[in-house]
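# Tertiary structure, described
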Amino acid sequence: MMDKKEARLEVARKEMVTHQLIGRGIHDQCILRAMATIPRHLFVPEHLHDAAYQDCPLPIGYGATISQPYIVAYMSELLSLSKNDRVFELGTGSGYQAAVLAFCAQEVVSIERIPELITIALENLAAIGTSNVRVLEGDATALAADHAPYDAAILTAASPALPEYLYPYMNDGGRIVVPVGDMYVQELFLITVVHGKGRTEGMGGVRFVPVIGRYGFPPK
Ligand code: SAH
């Protein structure tokens, strides 16, 4: 039996999908099903459970944030996932974005530099029974090669430049979604990699925490 809180959060989740996602043009049926099914509140700190379905990003500790639901949906949809895709993620954070991708792909390799967040993400993913996400610790910009090739890649942190270092690790026709800009504001890019070359499309302004690493910003 569902208790009152779970029932209330399930209503909030369905309303989030209807208003924030479908209402703004998200149409990938798998992504919509993923976000209607996955209990996003389990990926935020307990005192924020009731805010989990609001139209905003939320802090998850260690300077990281779980993106606004619409941004998670929009970036996921841009990846045009299919069931046998292998996906790379930079920035596991809470594990929520990885769980959404894993719902619509074969396997997700997600790399996070902050060990405490890895512990949290692994607990969260286990709690919802997701078994096709591999969470690894380290600088994802340096470790991407180890687990290649990928059909899709998502950077959930801001990159100072187009991530050309990833192009050799993408299968032909592979898609990369990445915020590119300075530490404070970025443009979201969809990159399609064909014969090792990237075709880029700007998809609008966004705001992410920075990539820290070899192909990122220097640590403070
Ligand atoms: N996708 C996450 C949100 C990530 S916030 C979610 O759904 O909850 C961005 C994350 O990128 C932060 O946790 C930050 O620690 C991580 N990060 C920044 N630079 C990184 C790098 N070079 N390699 C791996 N993770 C990185």
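Right, let's walk through the structure included here. Keep in mind it's a predicted model, so treat the numbers as computed, not measured.

### What about the environment of Val 72?
Tracing the chain through its elements places Val 72 in helix H3 (residues 69-78). Take Val 72: its relative accessible area is 2%, and that puts it in the buried class. Val 72 sits 28 residues away from Val 44 along the chain, and the two C-alpha atoms are 14 Å apart.

### Some remarks on the state of the cysteines
One pass over the structure, following the stated rule, counts one disulfide. Shown here is the disulfide that connects Cys 30 with Cys 104, its sulfur atoms set 2.2 Å apart. Its S-S torsion of approximately -105 degrees makes the covalent link between Cys 30 and Cys 104 left-handed. Separated by 74 residues along the polypeptide, Cys 30 in helix H2 (residues 29-37) and Cys 104 in the loop between helix H4 (96-103) and strand E4 (107-112) bring together distant segments of the chain. The buried category is assigned to Cys 104, whose relative accessible area is 3%.

### Notes on the pairing of strand E5 (residues 133-137)
Of the strand pairs in this sheet, E4 and E5 are connected by five bridges, and their pairing is parallel. By the bridge assignment for E5, Ile 111 is matched with Leu 136. On the question of chirality, the crossover connecting E4 to the parallel E5 by way of helix H5 (residues 115-127) is right-handed.

### So, the site of the ligand
Residues in close proximity to the ligand total 26 residues, the closest being Ser 94, Glu 112, Asp 139, Ala 140 and Ile 212. Interatomic distance of 2.9 Å between a backbone N/O atom of Gly 91 and a nitrogen atom of the ligand. Between Ser 94 and the ligand, the recorded distance is 2.6 Å, taken from a side-chain N or O atom to an oxygen atom. For the ligand, whose free accessible area comes to 580 Å², the fraction covered by protein is 97%. Every element with two or more residues in the shell around the ligand is listed here: strand E2 (64-66), strand E3 (86-90), H4 and E4. Ranked by residue count, the leading element in the shell around the ligand is E2, at three residues.

Calculation criteria
Residues numbered from 1 in each chain as written. Predicted model: local features only at pLDDT ≥ 70, side-chain atom pairs only at ≥ 80, totals over all residues. Heavy atoms only, no water. Helix = DSSP H or I, 4+ residues; strand = E, 2+ residues; numbered from the N terminus. Buried < 20%, exposed > 50% of the residue type's maximum accessible area, 1.4 Å probe, protein only. Disulfide = S-S within 2.5 Å. Pairing = 2+ DSSP bridges. Right-handed = clockwise from strand over helix to strand, strands pointing away. Near = heavy atom within 4 Å. Polar contact = N/O pair within 3.5 Å; in protein donor to acceptor, adjacent residues only side chain to side chain. Areas by Shrake-Rupley, 256 points an atom, 1.4 Å probe, with all protein chains shown as cover.

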